Amino acid sequence: MQPLPKKYDFRLAERKWCKAWDKQGTYAFDPKSDKPVFSIDTPPPTVSGKMHLGHSFSYAHEDFIARFHRMRGKNVFYPFGTDDNGLATDKLVEKTKGVNAKSTKREAYLELAHRTVQEILPDFIEDWKMLGMSCDFSSPYSTISTAVQKASQKGFLELYEKGLVYRKETPVSWCPQCQTAIAQAEFENVDKTSHFNDIVFKAKGKDMVVATTRPELLCACVALFYHPDDERYQSLKGKFARVPLFGYDVPILADETVDREKGTGLMMCCTFGDKEDIEKWYKHKLPLKVSITKDGRMNEEAGKYQGMTLKEARKAIRADLEAAGLLIKTKDITHPVNVHERCGTDIEFLNTHQWFINVLDHKEELIEAADDIRWHPEHMKARYIHWVENLNWDWCISRQRHFGIPFPVWYAEDGKTVLPSEEELPVDPSDQQPKGRKDLVGETDVLDTWATSSLTPQLALGWAKGGELFKDNFPMDVRPQAHDIIRTWAFYTITRGVYHEKKVPWKNIMISGFVLDPKGNKMSKSRGNVVDPQDVMDKYGADALRYWAAGSKLGDDLPYMEKDVQTGSKTVTKLWNASRFALMQLADYDGGEPDELLPVDKWILSKLQGIIKESTETYEAYEYAKSKSLIDNFFWNTFCDYYLEIVKDRIYNPEKRGVGAKLSAQYTLRYALRTILKLFAPIMPYITEEIYGYAFAKDGRDSIHVNGWPTFDNGLVDGTAEEAGDALLEVVNLARKKKSEASVSLRTPIIKFIIPKKLEKVLKPVEDDLKAVTNAEDISYEGKVVFIELAPSKQ
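Residues numbered from 1 in each chain as written. Predicted model: local features only at pLDDT ≥ 70, side-chain atom pairs only at ≥ 80, totals over all residues. Heavy atoms only, no water.

Got a minute to help me understand the overall build of the protein in this structure?
For the protein, the count of helices and strands is 24 helices and 29 strands. Judged by the C-alpha coordinates and their principal axes, the protein covers about 110 × 65 × 45 Å. Within the span of the protein, comprising 795 residues, buried residues form 55% of the whole. For the protein, contacts bridging at least 24 residues in sequence account for 78% of all contacts bridging at least 6. As presented, the protein carries roughly 35,300 Å² of accessible surface, and 49% of it is formed by carbon and sulfur atoms. Charge separation in the protein, taken as the distance between the mean sites of 110 positive and 118 negative side-chain charges, equals 3 Å. (Helix = DSSP H or I, 4+ residues; strand = E, 2+ residues; numbered from the N terminus. Buried < 20%, exposed > 50% of the residue type's maximum accessible area, 1.4 Å probe, protein only. Contact = heavy atoms within 4.5 Å. Areas by Shrake-Rupley, 256 points an atom, 1.4 Å probe, with all protein chains shown as cover. Lys, Arg positive; Asp, Glu negative; His and termini not counted. Charge placed at Lys NZ, Arg CZ, Asp CG, Glu CD.)

As structure tokens, then:
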């Protein structure tokens, strides 16, 4: 046992232990171990820059659970991967390399993207290591690696064989900025200002007013609709209306889904402005008029407006309608608009060939799957169910990009689909043909990144290779994630688990909230309220940041307050100083057990058993915030404020109380300190490892994080001792209050200390410690109230 240095330098210690854990393989999974496995479906962070504060928040939560189970003797399978084949990585490559993916030749862009990812990854992963993540970093996976490409393509082939994927030309949601199809789960609802425009259509000389927010789509209008029960428009049945400015006729049709109260009750159907347009186009077998290009401009259907952006065309068409007397009213509105969550661009609908996974026909099965998972917190299950119930489209998994995992698909001249065998995977149909074929056309689209990351349990467990790891550990124990991707990652992974294995992918799912700014707003660069976790860790240390993260229970959003991180920093300092003091008192301790423990020592050991028991139960229930609160309160109040002060006299002055009293205090002090460090270890791994290394480690490889979680000992539970200790604290508080009110030192002697007679039996066993801690010359038991007389102060 070595004495602690006077000060703790978190910068030196955190870097030291980060390297040591890596070098020693402290957190490496051991496939040969006979320990029970605890497996975690670690979220692979998107390679799009660097770790942000939300990452540090939610990843800390999962790491608390991982560290707890490792200390409980589990063989923790906690892999680390990176999601580096998605649109976010594309954007990063374009930004850092000054290129445009769409205008760069495929081969050149792929080489640049792969090289960029490899350049970025080491520093990117380092952020997670410095946060104190106890993942097994020895063999990280990448979602663009050859092994993952093989697994992802294998998954596609399996779904194809089961009839669960299909290709179809159909209207799909499209991002003009990213120039790719996107899935419903990638929509974000944003309130935007716009105009409701009352536009005049003509029907045999009669004016009909249609209200629309999209006048730029007039050239794509294919019909007008009214409700069959709307008396205003019964005379229009079977007639045609002329489209203003563009001069062609469209049918006027009845449909019971038209909202009679919206606008004028007449609805313009264009191909395509929204989901309603698509539904009516299908239902009434209307013609297709495409007026928007893939990059969000008007095409030849728009006539003189060709080449304009949608906003430019909207403005120009409104002006021309007004000039022609065909725009009779404009109303300013604010309404929700679907935008692409990646870039914030308004979503359009284009008729294109895409690949889909069939989910609409299996909604009931996917909803029932939620019952096979334990949700933490439970109410998040309702979010998942609500999402599945309200799905409108199958899952579009094709993307029109270069960088991604290719579809393992070729097309023959007759249009038939040609697939490779599993043994041939991975394949890139863009530049290779199946054996013996030269007449095929390869698919150029790539799989959406979610189509691959929805397989993270399979990827981590080596599903594509087969073997015992996957067979023995699927479903995995837990999936950690944030609540904003329940509709994507959670839903997609559950879908793939059910489709491939006929079972859910994990037994538990733990869902973190968001980090907000101090005013409760979402953090964003545009608002200028972003806090970089790297700056926080540099100023206060990773342990302080993790302490802050532990203050929020699962599912709750947490406003970032620097003062909360400062509290974490103060706790680190207090833990160091209290440990330093305790270890100084243990300098001559030989590890022996006393013949008998004194009542105050029994009191704190009994109290500690309650903390151990409740902390264990709350961690098992994924309630790390309760565990943090329990040990935090015990350490600051019970241990530091009282116990350390109470036992000082016994250790400093063994001649007064005897060697046995000192030994009892030293034995208890060592037990309590070791237990406190272990209970803090999942939350603050660096400071606890540093102190443990000085005080308890048998050698440089003896880490607190694999040395065992404290075990509840019912033999140390002592109700009588707890009653005595609690009463002692009440009286000590009264003495401290008296001295504080008198503005004197806490060491000021008490010359007369009268305690109510009813407490004599309880306090008599701890009277010597009470005298010592309050510096009381004598204690008597009489009356019903406490009376304290202090020694006169020396002038």
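Could you clarify how one ought to interpret the packing of aromatic side chains in this entry?
For any two aromatic rings, the description comes down to two numbers: the centre-to-centre distance and the angle of the planes. Scanning the model with the defined rule gives 38 aromatic pairs in all. With a centroid separation of 5.3 Å and an interplanar angle of 85 degrees, the aromatic rings of Phe-156 and Phe-407 are classed as edge-to-face. With Phe-156 in helix α5 (residues 146-161) and Phe-407 in the loop between β18 (405-406) and β19 (410-411), the pair connects residues that are 251 residues apart, well separated along the chain. For the residue pair Phe-156 and Phe-407, the accessibility class agrees, reading buried in each case. An aromatic cluster of at least three residues, connected via ring pairs, comprises Trp-375, Tyr-384, Trp-395, Trp-450, Phe-491 and Tyr-492. The residue whose ring lies beneath Arg-67 is Trp-21, and the NZ or CZ to ring-centre distance is 5.3 Å. (Phe/Tyr/Trp six-rings, centres within 6.5 Å; stacked < 30°, edge-to-face > 60°. Lys NZ or Arg CZ within 6 Å of the ring centre and 35° of its normal.)

Before we go on, may I ask you to explain the environment of Lys-289 in this structure?
Considering the arrangement of structural elements, one finds Lys-289 in the loop between α6 (275-283) and α7 (310-323). For Lys-289, a relative accessible area of 18% corresponds to the buried category. Along the sequence, Lys-289 and Ser-194 sit 95 residues apart, while their C-alpha atoms lie 24 Å from each other. Residues in contact with Lys-289, not counting those within four places in the same chain, are Cys-219, Ala-220, Cys-221, Val-222, Tyr-248, Thr-271 and Glu-301. Looking at Lys-289, its side chain comes within polar contact range of the side chain of Glu-301, at 3.0 Å. (Polar contact = N/O pair within 3.5 Å; in protein donor to acceptor, adjacent residues only side chain to side chain.)

What is the right way to look at the side chain of Thr-143 in this model?
Secondary-structure assignment places Thr-143 in the loop between β4 (136-142) and α5. Only 3.1 Å separates the side chain of Thr-143 from the side chain of Asp-83, close enough to count as a polar contact. Contact partners of Thr-143, with chain neighbours within four places excluded, come to Thr-82, Asp-83, Asp-84, Asn-85, Val-148, Ile-405 and Thr-452.

What is the right way to read the environment of Lys-311 from this model?
Looking at the element boundaries, Lys-311 is found in helix α7. A relative accessible area of 64% places Lys-311 in the exposed class. A sequence separation of 229 residues divides Lys-311 from Thr-82, and the C-alpha atoms of the two residues are 37 Å apart.

What should I look at first to understand the sheet that holds strand β23 (residues 476-482) in this one?
On the basis of which strands lie adjacent, the open sheet formed by three strands has the order β15-β24-β23 and parallel pairing. Among the strands making up the open sheet, the edge pair consists of β15 (374-376) and β23. For this sheet, the mean inter-axis angle between neighbouring strands, taken without regard to orientation, is 20 degrees. The pairing of β15 with strand β24 (residues 506-512) spans three bridges and is classified as parallel. From the neighbouring strand, His-376 faces β24, where its bridge partner is Met-510. In the packing of helix α2 (residues 53-71) onto the sheet, the strands contacted are β23 and β24, and the crossing angle to β24 comes to about 140 degrees. (Pairing = 2+ DSSP bridges. Axes fitted to C-alpha atoms, helices over the stretch in contact; angles between N-to-C directions.)

Would you take a moment to explain the packing of helix α16 (residues 562-585) against helix α18 (residues 624-652) for this structure?
Working note: a packed helix pair is described by the angle between its axes plus the distance between those axes. For the pair α16 and α18, the least separation of the axes is 11 Å and the interaxial angle reads 25 degrees. It follows from the interaxial angle that α16 and α18 lie roughly parallel. Where α16 crosses over α18, the handedness of that crossing is left-handed. For the pair α16 and α18, contact is made by Lys-570, Thr-571, Lys-574, Leu-575, Ala-578, Phe-581 and Gln-585 and by Asp-632, Phe-635, Trp-636, Cys-640, Leu-644, Lys-648, Ile-651 and Tyr-652, respectively. For the contact of α16 with α18, the class distribution of residues is nine nonpolar, two polar and four charged. (Parallel < 35°, antiparallel > 145°, perpendicular 65-115°, else oblique. Left-handed = near helix turned anticlockwise from the far one by under 90°. Nonpolar A, V, L, I, M, F, W, Y, C, P; charged D, E, K, R; others polar.)

What's the story with unusual backbone geometry in this structure? I'm lost.
Glycine aside, the phi torsion of most residues is negative, and most peptide linkages are trans. For the bond running from Thr-271 to Phe-272, omega is 5 degrees, close enough to zero to count as cis. Tracing the chain through its elements places Phe-272 in the loop between β12 (267-270) and α6. The peptide bond linking Leu-425 to Pro-426 adopts the cis configuration, its omega dihedral lying at 0 degrees. With respect to the helices and strands, the residue Pro-426 is situated in the loop between β20 (417-418) and β21 (441-442). The phi dihedral of Gln-179 is positive, around 55 degrees, even though this residue is not glycine. Relative to the helices and strands, Gln-179 is located in the loop between β5 (165-175) and β6 (180-181). Positive phi outside glycine occurs at Ser-743, with the angle close to 55 degrees. Here Ser-743 lies in the loop between α22 (719-741) and β27 (750-755).

For this particular structure, what's the right way to read the pattern of salt bridges?
Pairs may arise between side chains of opposite charge once their charged atoms sit close together. All chains considered together, the criterion is met by 50 salt bridges. Here Asp-769 and Arg-650 are joined by a salt bridge, their closest N and O atoms 3.2 Å apart. You can see Asp-769 sitting in helix α24 (residues 767-774) and its partner Arg-650 sitting in helix α18, a full 119 residues away along the chain. Each of the two residues, Asp-769 as well as Arg-650, counts as buried. Here the salt bridges share partners, and the residues they tie into one network are Asp-601, Arg-650, Arg-657, Asp-768 and Asp-769. (Salt bridge = Lys/Arg side-chain N within 4 Å of Asp/Glu carboxyl O.)

Could you clarify how one ought to interpret the nonpolar core in this entry?
Nonpolar side chains in soluble globular proteins tend to end up buried together. Counting residues in hydrophobic clusters, the biggest one holds 197 residues, and the most contacted among them are Tyr-384, Trp-548 and Phe-639. It is α18 that contributes the most residues to this core, 14 residues altogether. Setting aside its immediate chain neighbours within four residues, Phe-639 contacts Ile-604, Phe-634, Leu-644, Leu-669, Ala-672 and Ile-676. Among the nonpolar cores identified, the runner-up in size contains 40 residues, and Tyr-226, Ala-241, Leu-266 and Leu-327 belong to it. (Core = buried A, V, L, I, M, F, W, Y, C linked by side-chain atoms within 4.5 Å.)

Would you take a moment to explain α7 for this structure?
A turn of α-helix holds 3.6 residues, and therefore any two residues three or four places apart point the same way. Taking 1.5 Å per residue as the helical rise, α7 with its 14 residues ought to reach 20 Å, and the 20 Å between its terminal C-alpha atoms agrees with that figure. Within α7, burial applies to Leu-310, Ala-313, Ile-317 and Leu-321. Looking straight down α7, one finds its buried side chains confined to an arc of 65 degrees; they lie on one side. Seen from the open side of α7, the exposed residues pointing more than 90 degrees away from its buried face are Lys-311, Lys-315, Glu-322 and Ala-323. Considering only its buried residues, α7 is in contact with β7 (187-203), β13 (327-340) and β14 (348-357). (Expected span 1.5 Å × (residues − 1). Arc of directions from axis to C-beta.)

I tried to follow a negative patch on the surface on my own but got confused; where do I start?
Side chains of Glu-364, Glu-365, Glu-368 and Asp-372 sit close together on the surface and give a patch of like negative charge. Here Glu-364 shows up in helix α8 (residues 363-369). Given a relative accessible area of 60%, Glu-364 falls into the exposed group. (Patch = residues over 30% accessible without salt bridge, like charges linked within 9 Å, V, L, I, M, F, W, Y side chains within 5 Å.)

Mind showing me how you'd approach the environment of Asn-637 here?
Its location among the elements puts Asn-637 in helix α18. Separated by 339 residues in the primary sequence, Asn-637 and Met-298 have C-alpha atoms spaced 70 Å apart. A polar side-chain atom of Asn-637 sits 2.4 Å from a polar atom in the side chain of Asn-633.

Could you clarify how one ought to interpret the sheet that holds β18 in this entry?
What holds strands together in a sheet is hydrogen bonding between their backbones, with the strands either parallel or antiparallel. The strand order across the open sheet formed by three strands is β17-β22-β18, and the pairing between neighbours is antiparallel. A strand with exactly one partner marks an edge of an open sheet, and here the two such strands are β17 (398-399) and β18. Across two bridges, β18 lies against strand β22 (residues 446-447) in antiparallel orientation. From the neighbouring strand, Pro-406 faces β22, where its bridge partner is Val-446.

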